[in-house]
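# Examination of the molecular architecture
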Amino acid sequence: MVDAATLPSGGSLDITRHELHVEMQLSSPKLAKPRLYAFALTDQLAAFFSELAKDLGDPDMVVEMQSASGAAVSPLMVHSFAWKAGRSIIAGGSRIDVAISSEEGAVNAGEGCPSPRRRQSMRPVMKYVIVSGGVVSGLGKGVTASSLGVLLKVTRRPHTRPRSQPHPHTCPDPHPFTRTLTLTLTCWPGPSPDLAHGPDPGHDPDPCARPAPEHSPCPAPDAGPDALLARPRATA
Amino acid sequence: MTSIKIDPYLNIDAGTMSPFEHGEVFVLDDGGEADLDLGNYERFNDITLTRDNNITTVYG
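Just so we're clear, the structure is a prediction, and the values are computed from it rather than from any experiment.

## Re the overall build of chain A
Looking only at helices and strands, chain A has 6 helices and 7 strands in total. Going residue by residue from the N terminus, the α and β elements of chain A occur as β-β-β-α-β-β-α-β-β-α-α-α-α. Evaluated residue by residue, chain A yields a buried proportion of 31% over its 236 residues. The long-range fraction of contacts in chain A, counting pairs at least 24 apart against all pairs at least 6 apart in sequence, stands at 53%. Accessible area of chain A: about 15,100 Å², with a carbon and sulfur share of 58%.

Take a look at the structure:
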(Lines give C-alpha, C1' and ligand atoms only; values in the text may rest on other atoms or scores of the structure.)
Protein backbone atom coordinates (compact mmCIF):
# COMPACT_ATOMS: atom_id res chain seq x y z
CA MET A 1 0.00 0.00 0.00
CA VAL A 2 1.33 3.41 -0.97
CA ASP A 3 0.79 6.15 1.55
CA ALA A 4 -0.34 9.09 -0.53
CA ALA A 5 1.00 11.57 2.01
CA THR A 6 4.58 10.43 1.42
CA LEU A 7 4.42 10.94 -2.35
CA PRO A 8 5.66 14.13 -3.97
CA SER A 9 2.93 16.59 -4.83
CA GLY A 10 2.17 16.69 -8.51
CA GLY A 11 -0.49 19.40 -8.55
CA SER A 12 -3.86 20.16 -7.09
CA LEU A 13 -7.44 19.44 -8.01
CA ASP A 14 -10.33 21.65 -6.95
CA ILE A 15 -13.66 19.84 -6.98
CA THR A 16 -16.92 21.73 -7.00
CA ARG A 17 -20.10 19.77 -6.58
CA HIS A 18 -23.11 21.08 -8.41
CA GLU A 19 -26.64 19.79 -8.38
CA LEU A 20 -26.21 17.47 -11.35
CA HIS A 21 -22.53 17.55 -12.15
CA VAL A 22 -19.13 17.86 -10.64
CA GLU A 23 -16.56 20.33 -11.92
CA MET A 24 -12.84 19.87 -11.36
CA GLN A 25 -10.00 22.23 -12.00
CA LEU A 26 -6.58 20.69 -12.31
CA SER A 27 -3.44 22.70 -11.66
CA SER A 28 -0.13 21.02 -12.30
CA PRO A 29 3.42 22.04 -13.13
CA LYS A 30 3.01 19.89 -16.24
CA LEU A 31 0.20 22.13 -17.50
CA ALA A 32 0.73 25.60 -18.89
CA LYS A 33 -2.52 26.72 -17.31
CA PRO A 34 -5.18 25.06 -15.14
CA ARG A 35 -7.55 22.73 -16.94
CA LEU A 36 -11.24 22.45 -16.21
CA TYR A 37 -13.26 19.24 -16.41
CA ALA A 38 -16.91 18.53 -15.77
CA PHE A 39 -18.68 15.22 -15.41
CA ALA A 40 -22.23 14.21 -14.59
CA LEU A 41 -22.62 12.90 -11.06
CA THR A 42 -23.63 9.56 -12.59
CA ASP A 43 -20.47 9.26 -14.72
CA GLN A 44 -17.77 6.85 -13.66
CA LEU A 45 -14.33 7.99 -12.61
CA ALA A 46 -12.57 6.01 -15.35
CA ALA A 47 -13.19 8.55 -18.11
CA PHE A 48 -11.80 11.33 -15.96
CA PHE A 49 -8.74 9.28 -15.07
CA SER A 50 -7.87 8.60 -18.69
CA GLU A 51 -8.32 12.28 -19.57
CA LEU A 52 -6.12 13.20 -16.64
CA ALA A 53 -3.37 10.82 -17.79
CA LYS A 54 -3.53 12.17 -21.32
CA ASP A 55 -3.41 15.79 -20.20
CA LEU A 56 -0.48 15.13 -17.90
CA GLY A 57 1.45 13.92 -20.94
CA ASP A 58 1.37 10.14 -20.49
CA PRO A 59 -1.74 8.23 -21.61
CA ASP A 60 -0.38 5.06 -20.02
CA MET A 61 0.05 6.70 -16.63
CA VAL A 62 -1.66 4.85 -13.77
CA VAL A 63 -4.22 7.16 -12.18
CA GLU A 64 -5.86 6.02 -9.00
CA MET A 65 -8.04 7.44 -6.29
CA GLN A 66 -7.12 6.54 -2.76
CA SER A 67 -9.40 6.78 0.26
CA ALA A 68 -8.30 8.11 3.62
CA SER A 69 -7.80 4.54 4.83
CA GLY A 70 -5.44 3.81 1.97
CA ALA A 71 -7.87 1.71 -0.05
CA ALA A 72 -7.93 2.14 -3.80
CA VAL A 73 -11.26 3.48 -5.01
CA SER A 74 -12.66 1.57 -7.95
CA PRO A 75 -12.55 3.56 -11.20
CA LEU A 76 -16.08 2.28 -11.85
CA MET A 77 -17.41 4.37 -8.97
CA VAL A 78 -19.53 7.32 -10.04
CA HIS A 79 -18.50 10.90 -9.24
CA SER A 80 -21.46 11.34 -6.94
CA PHE A 81 -20.04 8.83 -4.47
CA ALA A 82 -16.35 9.19 -5.16
CA TRP A 83 -15.53 12.72 -4.06
CA LYS A 84 -15.35 12.74 -0.31
CA ALA A 85 -13.05 14.35 2.19
CA GLY A 86 -9.79 12.46 2.61
CA ARG A 87 -9.72 11.11 -0.94
CA SER A 88 -6.61 11.81 -2.97
CA ILE A 89 -5.53 11.15 -6.51
CA ILE A 90 -2.28 9.39 -7.29
CA ALA A 91 -1.12 9.95 -10.86
CA GLY A 92 2.09 8.41 -12.09
CA GLY A 93 3.66 8.14 -8.65
CA SER A 94 2.88 11.66 -7.50
CA ARG A 95 0.04 12.96 -5.36
CA ILE A 96 -2.58 15.39 -6.59
CA ASP A 97 -4.09 17.23 -3.64
CA VAL A 98 -7.87 17.31 -3.71
CA ALA A 99 -10.04 20.08 -2.29
CA ILE A 100 -13.81 19.61 -2.37
CA SER A 101 -16.43 22.30 -2.12
CA SER A 102 -20.15 22.49 -2.83
CA GLU A 103 -21.68 25.15 -4.95
CA GLU A 104 -24.28 27.09 -3.04
CA GLY A 105 -27.67 25.62 -3.73
CA ALA A 106 -26.27 22.23 -4.62
CA VAL A 107 -28.24 19.28 -3.33
CA ASN A 108 -26.74 18.31 -0.04
CA ALA A 109 -29.71 16.65 1.48
CA GLY A 110 -27.81 14.87 4.21
CA GLU A 111 -26.41 18.04 5.72
CA GLY A 112 -26.86 18.20 9.46
CA CYS A 113 -27.60 14.50 9.70
CA PRO A 114 -25.70 12.78 12.53
CA SER A 115 -24.61 9.86 10.33
CA PRO A 116 -21.50 10.67 8.24
CA ARG A 117 -22.64 8.25 5.56
CA ARG A 118 -25.88 10.17 5.20
CA ARG A 119 -24.12 13.54 5.18
CA GLN A 120 -22.04 12.54 2.20
CA SER A 121 -24.80 10.82 0.32
CA MET A 122 -26.56 12.69 -2.46
CA ARG A 123 -29.83 10.94 -1.79
CA PRO A 124 -32.55 12.87 0.00
CA VAL A 125 -32.91 11.82 3.59
CA MET A 126 -36.23 10.11 4.22
CA LYS A 127 -37.81 10.77 7.54
CA TYR A 128 -40.70 8.79 8.92
CA VAL A 129 -43.49 9.71 11.27
CA ILE A 130 -45.12 6.62 12.69
CA VAL A 131 -48.54 6.90 14.26
CA SER A 132 -49.52 3.75 16.07
CA GLY A 133 -52.51 2.78 18.09
CA GLY A 134 -52.33 -0.95 17.98
CA VAL A 135 -55.51 -2.50 16.66
CA VAL A 136 -57.79 0.05 18.27
CA SER A 137 -60.03 1.90 15.82
CA GLY A 138 -61.19 5.45 15.95
CA LEU A 139 -58.33 6.91 17.95
CA GLY A 140 -57.51 9.40 15.23
CA LYS A 141 -54.32 7.80 13.90
CA GLY A 142 -55.28 8.60 10.33
CA VAL A 143 -56.42 12.12 11.07
CA THR A 144 -53.23 12.77 13.02
CA ALA A 145 -50.97 11.48 10.27
CA SER A 146 -52.89 13.29 7.53
CA SER A 147 -52.94 16.57 9.42
CA LEU A 148 -49.21 16.33 10.04
CA GLY A 149 -48.87 15.70 6.32
CA VAL A 150 -50.78 18.86 5.49
CA LEU A 151 -48.65 20.91 7.88
CA LEU A 152 -45.41 19.49 6.51
CA LYS A 153 -46.48 20.08 2.95
CA VAL A 154 -47.45 23.66 3.63
CA THR A 155 -44.34 24.56 5.61
CA ARG A 156 -42.02 23.04 3.06
CA ARG A 157 -43.64 24.64 0.07
CA PRO A 158 -40.99 26.70 -1.65
CA HIS A 159 -43.59 29.35 -2.44
CA THR A 160 -43.97 30.12 1.21
CA ARG A 161 -40.42 31.37 1.58
CA PRO A 162 -40.84 34.71 3.31
CA ARG A 163 -40.88 37.51 0.82
CA SER A 164 -38.91 40.02 2.80
CA GLN A 165 -38.55 42.50 -0.04
CA PRO A 166 -41.81 42.96 -1.91
CA HIS A 167 -41.26 43.66 -5.58
CA PRO A 168 -43.28 46.78 -6.34
CA HIS A 169 -42.36 46.84 -10.00
CA THR A 170 -43.11 43.27 -10.89
CA CYS A 171 -46.44 41.72 -11.65
CA PRO A 172 -48.13 40.17 -8.63
CA ASP A 173 -47.98 36.43 -8.64
CA PRO A 174 -50.98 35.33 -10.71
CA HIS A 175 -51.25 31.98 -8.98
CA PRO A 176 -54.02 32.25 -6.40
CA PHE A 177 -52.76 29.43 -4.18
CA THR A 178 -49.29 30.89 -3.99
CA ARG A 179 -50.68 34.27 -3.22
CA THR A 180 -52.88 32.99 -0.46
CA LEU A 181 -49.99 31.24 1.18
CA THR A 182 -47.66 34.19 0.80
CA LEU A 183 -50.14 36.57 2.31
CA THR A 184 -50.96 34.32 5.18
CA LEU A 185 -47.50 33.31 6.15
CA THR A 186 -45.25 36.25 5.40
CA CYS A 187 -47.33 39.35 5.84
CA TRP A 188 -49.76 38.38 8.53
CA PRO A 189 -51.18 40.33 10.27
CA GLY A 190 -50.16 43.57 8.57
CA PRO A 191 -51.38 44.96 5.26
CA SER A 192 -50.20 43.05 2.26
CA PRO A 193 -48.78 44.56 -0.91
CA ASP A 194 -51.10 42.43 -2.97
CA LEU A 195 -54.21 43.27 -0.97
CA ALA A 196 -53.58 46.94 -1.61
CA HIS A 197 -54.44 46.39 -5.23
CA GLY A 198 -58.07 46.10 -4.24
CA PRO A 199 -60.41 43.57 -2.78
CA ASP A 200 -60.40 41.32 -5.81
CA PRO A 201 -57.17 41.50 -7.79
CA GLY A 202 -58.34 38.54 -9.83
CA HIS A 203 -60.61 40.81 -11.87
CA ASP A 204 -57.97 43.42 -12.51
CA PRO A 205 -57.53 43.44 -16.29
CA ASP A 206 -53.84 44.35 -16.09
CA PRO A 207 -52.42 44.61 -12.61
CA CYS A 208 -48.96 45.33 -13.98
CA ALA A 209 -50.08 48.49 -15.71
CA ARG A 210 -50.82 50.32 -12.50
CA PRO A 211 -48.12 51.79 -10.30
CA ALA A 212 -47.34 49.75 -7.22
CA PRO A 213 -49.21 50.98 -4.16
CA GLU A 214 -47.54 52.54 -1.16
CA HIS A 215 -47.10 50.06 1.60
CA SER A 216 -44.80 49.21 4.41
CA PRO A 217 -42.51 46.33 3.52
CA CYS A 218 -42.91 43.01 5.20
CA PRO A 219 -40.62 42.56 8.19
CA ALA A 220 -37.52 40.52 7.70
CA PRO A 221 -38.23 36.78 7.99
CA ASP A 222 -36.09 36.50 11.11
CA ALA A 223 -37.54 39.56 12.78
CA GLY A 224 -39.57 37.46 15.21
CA PRO A 225 -43.22 37.61 16.23
CA ASP A 226 -42.93 41.01 17.97
CA ALA A 227 -41.95 42.77 14.77
CA LEU A 228 -44.88 41.18 12.98
CA LEU A 229 -47.38 42.22 15.62
CA ALA A 230 -46.01 45.75 15.85
CA ARG A 231 -46.93 46.48 12.24
CA PRO A 232 -50.09 48.46 11.59
CA ARG A 233 -53.19 46.45 10.83
CA ALA A 234 -54.88 46.71 7.47
CA THR A 235 -57.56 49.36 7.27
CA ALA A 236 -60.65 48.84 5.20
CA MET B 1 -44.46 13.44 1.62
CA THR B 2 -46.58 10.36 1.38
CA SER B 3 -48.71 8.14 3.57
CA ILE B 4 -48.41 4.45 4.25
CA LYS B 5 -51.09 2.43 5.96
CA ILE B 6 -49.78 -0.57 7.86
CA ASP B 7 -52.54 -3.04 8.66
CA PRO B 8 -51.91 -5.80 11.18
CA TYR B 9 -53.43 -8.56 9.09
CA LEU B 10 -51.45 -11.70 8.29
CA ASN B 11 -50.88 -12.51 4.62
CA ILE B 12 -54.01 -10.67 3.60
CA ASP B 13 -55.06 -7.11 3.12
CA ALA B 14 -58.32 -5.26 3.16
CA GLY B 15 -58.50 -5.56 -0.61
CA THR B 16 -58.51 -9.34 -0.64
CA MET B 17 -60.82 -9.86 2.34
CA SER B 18 -64.42 -10.78 1.81
CA PRO B 19 -66.95 -7.98 2.17
CA PHE B 20 -68.35 -9.75 5.23
CA GLU B 21 -65.01 -9.44 6.97
CA HIS B 22 -64.05 -5.91 6.09
CA GLY B 23 -66.66 -4.13 4.08
CA GLU B 24 -65.86 -1.74 1.27
CA VAL B 25 -62.73 -1.53 -0.81
CA PHE B 26 -60.98 1.51 -2.23
CA VAL B 27 -59.31 1.10 -5.61
CA LEU B 28 -56.13 3.08 -6.10
CA ASP B 29 -54.92 4.58 -9.36
CA ASP B 30 -52.62 1.66 -10.05
CA GLY B 31 -55.40 -0.85 -9.46
CA GLY B 32 -54.38 -1.76 -5.94
CA GLU B 33 -57.32 -2.56 -3.68
CA ALA B 34 -56.95 -1.11 -0.25
CA ASP B 35 -58.67 0.20 2.79
CA LEU B 36 -60.96 3.23 2.42
CA ASP B 37 -58.57 5.15 4.64
CA LEU B 38 -56.16 5.51 1.75
CA GLY B 39 -58.80 7.47 -0.12
CA ASN B 40 -59.01 9.87 2.77
CA TYR B 41 -55.24 10.27 2.83
CA GLU B 42 -55.21 10.99 -0.91
CA ARG B 43 -57.90 13.62 -0.59
CA PHE B 44 -56.65 15.22 2.59
CA ASN B 45 -53.03 15.50 1.50
CA ASP B 46 -53.59 15.98 -2.23
CA ILE B 47 -51.40 13.02 -3.11
CA THR B 48 -51.76 9.87 -5.22
CA LEU B 49 -51.13 6.58 -3.48
CA THR B 50 -50.27 3.21 -4.98
CA ARG B 51 -50.43 -0.38 -3.82
CA ASP B 52 -47.03 0.16 -2.18
CA ASN B 53 -48.63 2.55 0.28
CA ASN B 54 -50.67 -0.25 1.78
CA ILE B 55 -48.63 -2.80 3.72
CA THR B 56 -49.74 -5.76 5.76
CA THR B 57 -47.86 -8.20 7.90
CA VAL B 58 -46.48 -11.21 6.09
CA TYR B 59 -46.12 -14.37 8.14
CA GLY B 60 -44.24 -17.50 7.19
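## A closer look at the pattern of salt bridges
Counting across every chain of the model gives 5 salt bridges over all chains. Of the charged contacts in the structure, one is a salt bridge between Asp 97 of chain A and Arg 95 of chain A, with a shortest N-O distance of 2.7 Å.

## A few points about the packing of helix H4 (residues 141–155) of chain A against helix H1 (residues 37–45) of chain B
Packing of H4 of chain A against H1 of chain B leaves a shortest axis separation of 9 Å and a crossing angle of 25°. In terms of orientation, H4 of chain A lies roughly parallel with respect to H1 of chain B. Every pair of crossing elements has a handedness; the one defined by H4 of chain A and H1 of chain B is right-handed. Listed contacts from H1 of chain B to Gly 142, Ser 146, Ser 147, Gly 149, Val 150 and Lys 153 of chain A of H4 of chain A are Tyr 41, Phe 44 and Asn 45 of chain B. The class makeup of the residues in the contact of H4 of chain A with H1 of chain B is 3 nonpolar, 5 polar and 1 charged.

What counts as what
Residues numbered from 1 in each chain as written. Chains lettered and ligands numbered in written order. Predicted model: local features only at pLDDT ≥ 70, side-chain atom pairs only at ≥ 80, totals over all residues. Heavy atoms only, no water. Helix = DSSP H or I, 4+ residues; strand = E, 2+ residues; numbered from the N terminus. Buried < 20%, exposed > 50% of the residue type's maximum accessible area, 1.4 Å probe, protein only. Contact = heavy atoms within 4.5 Å. Areas by Shrake-Rupley, 256 points an atom, 1.4 Å probe, with all protein chains shown as cover. Salt bridge = Lys/Arg side-chain N within 4 Å of Asp/Glu carboxyl O. Axes fitted to C-alpha atoms, helices over the stretch in contact; angles between N-to-C directions. Parallel < 35°, antiparallel > 145°, perpendicular 65-115°, else oblique. Left-handed = near helix turned anticlockwise from the far one by under 90°. Nonpolar A, V, L, I, M, F, W, Y, C, P; charged D, E, K, R; others polar.

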